[in-house]
Amino acid sequence: MNERRITSLESIPAGTGARMIELRLSPAESQRLMEMGMTSGTTLTVLKRAPLGDPIEILVRGGHLSIRKTVAEAIIVEPIDGGASA
Amino acid sequence: MSATTRNEFAIPHIAIAGNPNSGKSTIFNALTGLRQKVSNYPGVTVEKHEGVLKLSESGDVDVIDLPGIYSLNPRSLDEVVAHDVLMGMRIDTPPPALIIAVVDASNLERNLFLTTQLLSLGRPVIVALNMMDICKSMGFELDVEELSRKLGVPVVPMTASRGEGFQELTAAVENMLLHPRSPDDVIELGEHASSAVADVAGALVKSGLVSEKSSAGEALRLICTENSLSRPRYASVAAELRPHVDAARERLKQNGLPWYAVEAEARYAFIDKLMSRIRTATNPTPDLSDRVDRWLTHPVGGPIALTLFILAIFISIFKLAPYPMDLIQEGFGLLAAWIIDVIPPGPLQSLLTEGVIAGVGGVMAFLPQIMLLFFFIAIMEDSGYTARAAFILDRVMGRVGLHGKAFIPLFSSFACAIPGVMAARMIDNEKDRLLTIMIAPLMCCAARWPVYLLVAGAVIPSITILGFIPLPALVLGSMVIFGVIAAIGVAAVFNRTILKGESTTLALELPRYRRPHIKTLLHVMWERSFLFVKKAGTVILAMSILMWALTNYPKAPETTTAEEQMKYSIAGRIGSVMEPVIKPIGFDWKIGVATLSSFVAREVFVSSMGTIYDVDTNDPAHMADLQSRLRREKDPETGKSFFTPLRGICIMLFFVLSMQCFSTMVVVRRETNSWKWMAFQWFYMTGLAWIVCFIVWQGGLLLGWR
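Residues numbered from 1 in each chain as written. Chains lettered and ligands numbered in written order. Predicted model: local features only at pLDDT ≥ 70, side-chain atom pairs only at ≥ 80, totals over all residues. Heavy atoms only, no water.

Chemist: Looking at this structure, I do not really get the interface of chain B and chain A. What am I missing?
Modeler: How large an interface is tends to be reported as the accessible area lost when its parts come together. At the interface, 42 residues of chain B touch 32 residues of chain A. When the buried area of chain B at its contact with chain A is split by residue, Arg110(B), Phe391(B) and Leu506(B) rank highest and sum to 23% of it. Where chain B touches chain A, the interface holds 6 salt bridges. Across the pair Asp394(B) and Arg68(A) runs a salt bridge whose closest N-O atoms are separated by 2.6 Å. The interface formed by chain B and chain A includes 19 residue pairs in polar contact (both at pLDDT 80 or more). Listed by contribution, the elements that provide at least two residues to the side of chain B that touches chain A are helix 4 (108-118), helix 11 (262-278), helix 12 (288-296), helix 17 (385-399) and strand 12 (507-509) of chain B. A total of 6 residues in the side of chain B that touches chain A trace back to one element, the largest contributor, which is helix 17 of chain B. Grouping the amino acids of the side of chain B that touches chain A by side-chain chemistry returns 18 nonpolar, 11 polar and 13 charged. (Contact = heavy atoms within 4.5 Å. Buried area = accessible area lost by both parts, 1.4 Å probe. Salt bridge = Lys/Arg side-chain N within 4 Å of Asp/Glu carboxyl O. Polar contact = N/O pair within 3.5 Å; in protein donor to acceptor, adjacent residues only side chain to side chain. Helix = DSSP H or I, 4+ residues; strand = E, 2+ residues; numbered from the N terminus. Nonpolar A, V, L, I, M, F, W, Y, C, P; charged D, E, K, R; others polar.)

Chemist: Looking at this structure, I do not really get the packing of aromatic side chains. What am I missing?
Modeler: Two descriptors summarise a pair of aromatic rings, namely the distance from one centre to the other and the angle between the planes of the rings. All names here are of chain B. Tallied over the entire structure, the rule returns 22 aromatic pairs over all chains. Judged by centre distance (6.5 Å) and plane angle (70°), the ring pair of tryptophan 449 and tyrosine 452 falls under edge-to-face. Of this pair, tryptophan 449 and tyrosine 452 both sit in helix 21 (residues 449-459), 3 residues apart, which is roughly one turn of the helix. With relative accessibility at 31%, the residue tryptophan 449 sits in the partly exposed group. For tyrosine 452, a relative accessible area of 0% translates into the label buried. Following the ring pairs from residue to residue traces out a cluster consisting of Phe314, Phe318, Phe407 and Phe411. The ring of phenylalanine 140 has arginine 279 sitting right over it, with the charged end atom 4.6 Å from the ring centre. Between arginine 573 and the ring centre of tyrosine 568, over which it is positioned, the NZ or CZ distance is 4.7 Å. (Phe/Tyr/Trp six-rings, centres within 6.5 Å; stacked < 30°, edge-to-face > 60°. Buried < 20%, exposed > 50% of the residue type's maximum accessible area, 1.4 Å probe, protein only. Lys NZ or Arg CZ within 6 Å of the ring centre and 35° of its normal.)

Chemist: Any chance you could explain the side chain of Asp293(B) here in plain terms?
Modeler: The topology assignment puts Asp293(B) in helix 12. Here Arg388(B) takes part through its side chain, which lies 3.1 Å from a polar atom of the side chain of Asp293(B). Discounting residues that sit within four places of it in the chain, Asp293(B) has contacts with Lys48(A), Glu57(A), His298(B), Arg388(B) and Tyr513(B).

Chemist: How should empty space enclosed by the protein be read in this particular structure?
Modeler: A probe matching the size of a water molecule, rolled over the atoms, marks out where space remains unfilled. The final tally for this structure, using the stated rule, is 5 cavities of 30 Å³ or more. Its boundaries defined by the atoms lining it, the largest cavity holds a volume of some 150 Å³. Only helix 19 (417-423) and helix 30 (662-672) of chain B provide two or more residues apiece to the lining of the largest cavity. Looking at the lining of the largest cavity residue by residue, the class counts come to 14 nonpolar, 2 polar and 1 charged. The computed volume of the second largest cavity comes to approximately 110 Å³. Taken together, 15 residues make up the lining of the second largest cavity; nearest its centre are Arg68(A), Asp394(B), His403(B), Thr505(B) and Leu508(B). Put simply, the parts of the chain that give the lining of the second largest cavity at least two residues each are strand 5 (63-67) of chain A together with helix 17 and strand 12 of chain B. Tallied by class, residues from the lining of the second largest cavity come to 6 nonpolar, 5 polar and 4 charged. (1 Å grid on protein atoms, 1.4 Å probe; cavity = no way out; pocket = protein on both sides within 12 Å on 5 of 7 lines; lining within 4 Å. Points joined across faces, edges and corners; volume = space filled by probe spheres on them.)

Chemist: Would you mind showing me how to read the nonpolar core here?
Modeler: Looking at soluble globular proteins, one finds that nonpolar side chains tend to be buried together. Residues and elements named next belong to chain B. Ranked by internal contacts, the top residues of the largest apolar core, which has 129 residues, are Leu402, Ile439, Phe532, Phe605, Met609 and Phe643. Excluding residues that lie within four positions of it along the chain, phenylalanine 643 makes contacts with Val459, Ile591, Met609, Tyr613, Leu630, Glu633 and Ile651. Listed in part, the 97 residues of the second largest apolar core include Leu118, Val200, Leu220 and Val245. (Core = buried A, V, L, I, M, F, W, Y, C linked by side-chain atoms within 4.5 Å.)

As structure tokens, then:
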């Protein structure tokens, strides 16, 4: 459990939190998501998936956001311990 | 276009800024009451809401409700307008003397991003800390005084939906106008970022574009926003500023800071520190909003709830609307009877009764339905349900390049395309919105039903399929579905061609559920309906008169049958001239004229056919008379029945696809702010209608189905 387990937000199971590490998006797209609260180190909690599996609902700084799967794949995170084992 | 007079500049202007869903409009409505006007900012499709606030000492002040935004960085149209108004860069809007920053206390962290940006403008700011009740019920205690101290501006806690806090807000506004005090930006940048910003800010001040006080904030925005210098407003200074901005980005990059991230990281760093000082969690209660949401977005329950909700809307529209519709029609009928009484028979009487009243009355009869739709859309918007419907359907809509929220404008268009096109405003992305507007009129609106009922009843044999489905009903249903299929196809094509481009909606906010406010609902319904009546009213009146003139003049030499008079009129002649164009799709001049006249509203087709075939259609019971009259019509070429199933289907298909509605065109013109898009829509729809009918008619002839 020493190494950092880097993954994308898309692979985080519902009900679990993860720490934002990096946005692999264009500068304009990254800027927009950061303005909506996704700065580095922010905790992102995956709440649920839409009935058809896409988009997913996440909790960011107390606000609920819906993001498409393709965007979630570009959000690189580190799962938060404890949450991941639950 | 609203020209700004010297007088308008003389009274102070207040701008209300805030995130979407922060309760901005509620505050604006409460401050200005009914003293409001809605227009478009010149040249763009962003709506300008203005009103007047009466203050005891400062007198009247003008209040502008800016579009809801998450950030001041000018990228979307809404952001550009808000930014330019606040910076005093628009010639049509005076610079605000004061900014009211509306903040949702229950979503404080993310709302504070924009708030801290507003502090960088060098203008007095008052924070309206709204939704305090929800914040409390969530179990949070806020230290309002500390928040005010840290931001350096007055903070007024309020619950706008219950009318709490307005006295304090007005007092704070009055006080600030009398003793204006501009705050300083709270952002703390590192050494490299600060000097990079200072360099660009210096160049900005030198260029004369911005004041000293607002230069640092603007410089930061120029550095962090991609293509920031490409905006037309910066054209004159772009060459001068570009080296500075490039150098600043290069310097940040060398120090390991992505240039586009600097502002957001710094502002949220401040917000993180601030939040830990001002917010304490007390006794959190189970959240009703979350519990409701668990059902409304449930994998099974969600789609079921959505379907039931839409069914309920349609049932209530079709159950409720007929009463006021009948009243309106009766009213217009009485008016016509009165005119016949007082004005002797002749051109004037005919103009007023058959032209003005028949035309305007015909469209106004749809007003109750339009108003009800606006009302239901407002419920969905105000309660926060729109975003959930989008969440559930995003996958499906996304397939053809549509925004999840496009669903609501599109289903509204099943009753009437006008509220549908206007509701497309809820989509914040310009490209997604345009695509929705382009396909909305393909949905089967209520005005098409009378046409389908007349034609299907006349030409489709009333036999049953599988023992229980009447064939005419099956054909009707197919027409509705065909419209949807056409819309999907068109959306997929446009999305890959003329409306290509990345959709910029990266993240959609799912606001908390709220109990809709009846005052807000009525206000929205009234405002939207009034806009429609105002915009379309004059055009409908003019078109009704024009259509009347075209079908009545010139007068045939002596008393002739209605059909001969129609043939003699300009419309009849246009129909005859058009015959080479419409014959290949199975239309003769009579169908052509009736189609032409249905531009005022599609269902006018029925009464025009009635006029041409001399059957009174004022009474719905006479629909059957007209149908049997149509069935008796002989084809001069074959000697058999003229209105064959094939011809009938071509007529219906034409009505499915063609843009046959002036009112919708007027609304599309307003909502896209472009004659070009309006014309394009007419050409593609009517062109598509012609091509499809051509294929069906000619194909049918080849197969010997005539």
